[in-house]
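Overview (structure and organization)
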Amino acid sequence: MTGIYHAQETTTHGATTPSSHETGQFGARPGAGDADNSSTLVNGILHSEIGVTALLTRLKLAITSCRDFAAFLKKRAALEDDQAQGLRKLCKSTHESLKRSDSRQESYAQQLDEMTSLHDRLAEHGIVFAQALLQMYDELTEMANNMERGRKHWKQQGLSSERRAHEAEQAVEKAKARYDSCADEYDRVRSGDRRSGKSFGFKAARTGPQHEEELQRRVNQASSDYEGKVQIAKAHRQELIASLRPQAVRALREMVHECDSGLTVQLQRYAQLNEKLVLNNGLTISPFKNTQSSSLRDIVSLIDNEKDFKSFLTDFSSKLPINTKEPEIKFEQHPSLIPTQQIPLFKNTIHTAPPTTGNDLHPHTGHVSRVSRDLTRPQQEFPGQPQFPDQPQLPAQSQLLAQSQFPAQSQFPPQSQFPVQSQGFGAIVQQPVTFPMQRGQAPIQRPVSQNSMSDLPRQRPVFGVPLDELLAREDSSTPAIVYQCIQAVDLYGLDVEGIYRVSGEKKHLDRLNVVFNNDASCLDFRRPEDFFQDVYSVASILKQFLRELPEPLLTNELYSEFVAASRIDDDITRRDSLHGLINRLPDSNYATLRLLILHLNRVQQHSNMNRMNSGNLAICFGPTLFGTSENPNIADANWQVRAIDTILQNCFSIFHE
């Protein structure tokens, strides 16, 4: 053993010169016999009485290593899964943000969407990697648990057999000590040495032959007991060395090997999974050139800023003013300061500026109404105002026929004969109203009503007409009045406080009502002078049109189902239920509602300026869209408002812009 330890120490310190013990005992250099020496030493330790204890300690270390690496895998899997799930949520939110109207579109949106799809694939790789790590964690944990159960079993079996053998050997030693003591005493008595043969007690001392006989009997008993204990110890030792110890050593060694091998396999698998993750991510970000996939760099390089800029501006072509001539800036004296004799007569011309005189002729219908001029504002002129040709001269027969059919017309002089009368501040001047007639008919002139314009005829009525009938007459998918009003509010009313909540002036509403009920084909609400610079009136006329529909926009048939859907507490379920009901609307109702809701969404996006969020808009449009004639239950008002509020908050989920 001295040569073995010396050889091991020499090898450990890296000495190259062999010692005399090495040469004499093994006859070889340490490098050549190192493996044999190590195996011999290991076998000697394993088959010794400390072999089982050493293997149990080694197995415990292997189990602890498995548990530590399993805990590492679990934490790594949690980190990877959190990162992948966070990346997936980020991709989803970015994809949804690209659909908003306030986000840049064109090639930027397309390439950014493709880039988010690429990141979504990266997130998918991370999720797969995390799932594989969790599977490895489960396998390592199960193996560690099995090894722990096996270790407990063999600890009990192996140590108990070692303990039995050790106890048998201790019993032999005790029996031998007792036997030796009896034999020594017998030898002293037989040889006549009585120095240690003193006896105490009240019994009479035994004679020499009796004492010798008694000691011989005790020696024989001790000898028999000693011999029996030796046989038992030999049996236990033989069984331990031949069967129990090798069996425990072999089982523990196999468990240590299995645990170490399993841990090594999982480490190799972990390395492969990392390589696969990095390789997949690399191929996703930068694929091979001969594949159809695009790299991240190629995706970003396809963004064309100049093309996007031109495309964005091209979309404004429909909003380009008809006449791009700059307005003329000139000084105009206030009418109240002009002498009476200098005020010119009114001519048969069209002023498209906001009404600043007593009489104003609408630029598209030719109807003259009674309008009170605000003399505190300077008169404005707008470029590009449409000029209508004078009324054609009719033949004499037609004039006579017109006079015979409308005798009241002769009571009013021609328009050029109405001078402007200076009646002080805010004076009102009346002129006859001229309605456009069909081709070949003479125009009809009626005096302006003193109180309202409700007495004028409705040649092409819009208010109170069924939606399908109106769309069939206009040959369009949405009513022209709805489109005109939405266009005006989008251009001039998004930042106006209280839009759709504040009503317009009644005189403007009456005038617009008359125009739309006769012929609104010449109206263009992109010009503010066409609605008297009063965007509140435009919003009010839109609500009036929707309110006076014979059948509400959301239909009486689906009213109860809409109210039931709005009562649902869960936001997602309520949204989906309302979405399903909207899809069941007739085509004309659906198209008009879609146009209106997308417009109201643009209004609520400016709520910081106009103070009209989705809740306020829902209050304004709830009764308007649901109607009140067929469903008079006032308790449903809150549910109507909740339904419209839900639709506005989820407009892009229900309608795709």
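Residues numbered from 1 in each chain as written. Predicted model: local features only at pLDDT ≥ 70, side-chain atom pairs only at ≥ 80, totals over all residues. Heavy atoms only, no water.

Turning to the overall build of the protein, a few remarks are in order. Each helix and strand in the protein was counted, giving 20 helices and four strands. Counting across all 657 residues of the protein, residues that qualify as buried make up 36%. Taking all contacts inside the protein whose residues are at least 6 apart in sequence as the whole, residues at least 24 apart take part in 76%. When the accessible surface of the protein is totalled, it reaches about 39,000 Å², and 52% of it is carbon and sulfur. (Helix = DSSP H or I, 4+ residues; strand = E, 2+ residues; numbered from the N terminus. Buried < 20%, exposed > 50% of the residue type's maximum accessible area, 1.4 Å probe, protein only. Contact = heavy atoms within 4.5 Å. Areas by Shrake-Rupley, 256 points an atom, 1.4 Å probe, with all protein chains shown as cover.)

By the element assignment, threonine 592 lies in helix H16 (residues 587-604). Classification of threonine 592 as buried rests on a relative accessible area of 1%. Put simply, threonine 592 and tyrosine 483 are 109 residues apart on the chain and 9.0 Å apart in space, counted from C-alpha to C-alpha. Setting aside chain neighbours within four positions, we find threonine 592 in contact with Leu467, Ser477, Thr478, Pro479, Val482 and Leu553. Here the side chain of threonine 592 touches serine 588 through a polar contact of 2.9 Å, landing on its backbone oxygen. (Polar contact = N/O pair within 3.5 Å; in protein donor to acceptor, adjacent residues only side chain to side chain.)

By the definition in use, this model includes twelve aromatic pairs. Ring centres of phenylalanine 69 and tyrosine 270 lie 6.0 Å apart, and the angle between their planes is 90 degrees; this geometry places the pair in the edge-to-face category. Linking phenylalanine 69 in helix H4 (residues 51-97) with tyrosine 270 in helix H6 (residues 208-285), this pair joins segments that are 201 residues apart in sequence. According to the relative accessible area criterion, tyrosine 270 is buried, its value standing at 15%. With 5.7 Å between their ring centres and 20 degrees between their planes, tyrosine 179 and tyrosine 226 make a pair best called stacked. On the criterion of sequence distance, the pair formed by tyrosine 179 in helix H5 (residues 106-191) and tyrosine 226 in helix H6 is long-range, its members being 47 residues apart. Among the aromatic residues, those joined into a ring-pair cluster are Tyr492, Phe516, Phe525 and Phe531. (Phe/Tyr/Trp six-rings, centres within 6.5 Å; stacked < 30°, edge-to-face > 60°.)

Between the first and last C-alpha of helix H11 (residues 480-492) there are 18 Å, a value that for 13 residues agrees with the 18 Å anticipated at 1.5 Å per step. Along H11, the positions that sit buried rather than exposed are Ile481, Val482, Gln484, Cys485, Ile486, Gln487, Ala488 and Val489. In this structure, the buried side of H11 is in contact with helix H12 (506-518), helix H13 (535-547) and H16. (Expected span 1.5 Å × (residues − 1).)

A surface patch of nonpolar side chains, amounting to about 410 Å² of accessible area, comprises Phe309, Phe312, Leu313 and Phe316. Residue placement: phenylalanine 309 occurs in helix H8 (residues 305-314). (Patch = residues over 30% accessible without salt bridge, like charges linked within 9 Å, V, L, I, M, F, W, Y side chains within 5 Å. Salt bridge = Lys/Arg side-chain N within 4 Å of Asp/Glu carboxyl O.)

In the predicted model, the protein carries a mean pLDDT of 76, and 71% of its residues have values of at least 70. Predicted confidence in the protein is weakest over strand E2 (residues 368-370), with a mean pLDDT of 33, and strongest over H16, with 96. (pLDDT = per-residue confidence, 0-100.)

Moving on, we get to the side chain of threonine 555. Turning to its location among the elements, threonine 555 is positioned in the loop between H13 and helix H14 (559-566). A distance of 3.4 Å separates a polar side-chain atom of threonine 555 from the backbone nitrogen of leucine 558. Setting aside chain neighbours within four positions, we find threonine 555 in contact with Leu585, Pro586 and Asn589.

Negative phi is the rule for most residues except glycine; trans is the rule for most peptide bonds. Even without a glycine there, the phi angle at phenylalanine 532 is positive, about 60 degrees. Tracing the backbone through its elements, the reader meets phenylalanine 532 in the loop between H12 and H13. Notably, threonine 555 is not glycine yet its phi reads approximately 65 degrees, a positive angle.

In total, this model carries 20 salt bridges according to the counting rule given. For arginine 269, the salt bridge identified is with glutamate 139, shortest N-O distance 3.2 Å. In this pair, arginine 269 is assigned in helix H6 and glutamate 139 in helix H5, connecting sequence segments 130 residues apart. Of the residues examined, glutamate 139 reaches a relative accessible area of 31% and is grouped as partly exposed. We note a salt bridge from aspartate 576 to arginine 575, for which the minimum N-O separation is 3.0 Å. On the basis of relative accessibility, which here comes to 41%, the residue aspartate 576 falls in the partly exposed class.

A word on the side chain of histidine 599. Relative to the helices and strands, histidine 599 is located in helix H16. Residue histidine 599 is classed as buried on the basis of its relative accessible area of 0%. What histidine 599 contacts, discounting residues up to four positions off in sequence, is Ile486, Val489, Asp490 and Tyr500.

On to the nonpolar core. One finds Tyr500, Phe525, Phe545, Leu546, Phe562, Leu593 and Leu625 to be the most contacted residues of the largest nonpolar core, which totals 63 residues. Looking at this core, the element that brings in the most residues is H13, giving seven residues. (Core = buried A, V, L, I, M, F, W, Y, C linked by side-chain atoms within 4.5 Å.)

To characterise two packed helices, one gives the angle between the axes of the helices and the distance between these axes. One can describe the packing of H11 onto H16 by two numbers: an axis separation of 11 Å at closest approach and a directional angle of 10 degrees. Taken together, the axis directions place H11 and H16 in an arrangement best described as roughly parallel. Here Val482, Tyr483, Ile486, Val489 and Asp490 of H11 lie close against H16, whose contacting residues are Thr592, Leu595, Leu596, His599, Arg602 and Val603. Of the residues contributing to the contact of H11 with H16, the split by class is seven nonpolar, two polar and two charged. (Axes fitted to C-alpha atoms, helices over the stretch in contact; angles between N-to-C directions. Parallel < 35°, antiparallel > 145°, perpendicular 65-115°, else oblique. Nonpolar A, V, L, I, M, F, W, Y, C, P; charged D, E, K, R; others polar.)

What follows concerns helix H10 (residues 467-474). Turning to H10, its buried residues number three or more, namely Leu467, Leu470 and Leu471. Projected down its long axis, H10 shows its buried positions confined to an angular sector of 95 degrees, all on one face. Set apart from the buried face of H10 by more than 90 degrees, the exposed residues are Asp468 and Ala472. At the exit of H10 stands aspartate 475, carrying a positive phi of roughly 55 degrees. (Arc of directions from axis to C-beta.)

Below, the discussion takes up the environment of leucine 73. Mapping leucine 73 onto the fold places it in helix H4. By relative accessible area, which is 0% here, leucine 73 ends up buried. Put simply, leucine 73 and tyrosine 137 are 64 residues apart on the chain and 5.9 Å apart in space, counted from C-alpha to C-alpha. Every residue in contact with leucine 73, bar those within four places of it in the chain, is listed here: Leu133, Met136, Tyr137, Leu140 and Tyr270.

Interhelical geometry of H4 versus H5 gives an angle of 165 degrees and a closest axis separation of 7 Å. Accordingly, the angle class assigned to the pair H4 and H5 is roughly antiparallel. Judged by the sense of rotation from one axis to the other, the crossing of H4 with H5 is left-handed. Residue composition of the contact of H4 with H5, by class: 28 nonpolar, ten polar and 14 charged. (Left-handed = near helix turned anticlockwise from the far one by under 90°.)

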